[in-house]
Amino acid sequence: KTLSAGTYCGGIQLNGGSLSLNPGTYILDGIGLQMNSGSISGTGVTLYIAQGQAQFNGANSVDLVAPTSGPYAGILFYQNSTDASTAQINGGANAEFQGSLYFPDASVQLNGSNTAAYTIVVSKSIQINGSDFNIGSDYSSLPGGSPVKGTTGILVE
């Protein structure tokens, strides 16, 4: 199945099969994005979670890449800042989550694999299980480099 950018009031749930996302911004309300099995792909996509959560469980294949230009360049997931629903990103073998994962008031759990050139995580807290979830820093696909700008950074443990 192929979906086009737009607003999905009930969110998107995948229980097997294959889902392809056309480029653009997806506004997800209700359950957010829940993937229980199957495969999902999309290049040039931003997933805005207005309400709900990002949950990947038992994903056979994940290949999601943020836009490289425009107002959402480098932004893959953006969760409403008033939503504290935990994001559970369980990447299967060779999964790709390329872009910023912005969950400012939520916990993020990263499990499994991530082969993306870059992944930026902004969250209230982060838990990484295993050693295969790569947080790369190759921003060569973005004309302006890293989407995170500034001269100082803070790492809090």
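The rules behind each value
Residues numbered from 1 in each chain as written. Predicted model: local features only at pLDDT ≥ 70, side-chain atom pairs only at ≥ 80, totals over all residues. Heavy atoms only, no water. Patch = residues over 30% accessible without salt bridge, like charges linked within 9 Å, V, L, I, M, F, W, Y side chains within 5 Å. Areas by Shrake-Rupley, 256 points an atom, 1.4 Å probe, with all protein chains shown as cover. Salt bridge = Lys/Arg side-chain N within 4 Å of Asp/Glu carboxyl O. Helix = DSSP H or I, 4+ residues; strand = E, 2+ residues; numbered from the N terminus. Core = buried A, V, L, I, M, F, W, Y, C linked by side-chain atoms within 4.5 Å. Buried < 20%, exposed > 50% of the residue type's maximum accessible area, 1.4 Å probe, protein only. Contact = heavy atoms within 4.5 Å. Polar contact = N/O pair within 3.5 Å; in protein donor to acceptor, adjacent residues only side chain to side chain.

**Student:** Sorry, what's going on with a nonpolar patch on the surface here?
**Tutor:** On the surface, a nonpolar cluster with roughly 240 Å² of combined accessible area is contributed by Ile126, Ile128 and Ile135. Within the secondary structure, Ile128 is located in strand β12 (residues 119-129).

**Student:** Looking at this structure, I do not really get the nonpolar core. What am I missing?
**Tutor:** Where a protein is soluble and globular, its nonpolar side chains tend to be buried together. With 34 residues, the main nonpolar core has Leu21, Ile40, Phe56, Leu64, Phe77, Phe97 and Phe103 as its most contacted residues. With six residues, strand β11 (residues 96-112) is the single largest residue contributor to this core. For Phe103, the contacting residues outside a window of four places in its chain are Ile49, Ala54, Phe77, Gln79, Ala87, Val108, Val122, Ser123 and Lys124.

**Student:** Help me understand the side chain of Gln34, please; the structure alone is not making it clear to me.
**Tutor:** Within the element layout of this structure, Gln34 appears in strand β5 (residues 32-43). With near-sequence residues (within four places) excluded, Gln34 lies in contact with Ile12, Gln13, Leu14, Gln53 and Gln55.

**Student:** It is not clear to me how the environment of Ser18 should be interpreted in this structure. Could you clarify?
**Tutor:** Among the structural elements, Ser18 can be located in strand β3 (residues 12-21). Here Ser18 falls in the partly exposed class, since its relative accessible area comes to 46%. Among all residues touching Ser18, those that are not within four sequence positions of it are Lys1 and Ser39.

**Student:** Whenever I open this one, the side chain of Gln79 confuses me. Can you help?
**Tutor:** Following the sequence through the fold, Gln79 ends up in strand β9 (residues 75-79). Engagement of the side chain of Gln79 in a polar contact is seen with the backbone oxygen of Asp83, the distance being 2.8 Å. Here the side chain of Gln79 touches Ser85 through a polar contact of 3.2 Å, landing on its backbone oxygen. In contact with Gln79, not counting residues within four places along its chain, are Ile49, Gly52, Gln53, Ala84, Ser85, Tyr102, Phe103, Pro104 and Ala106.

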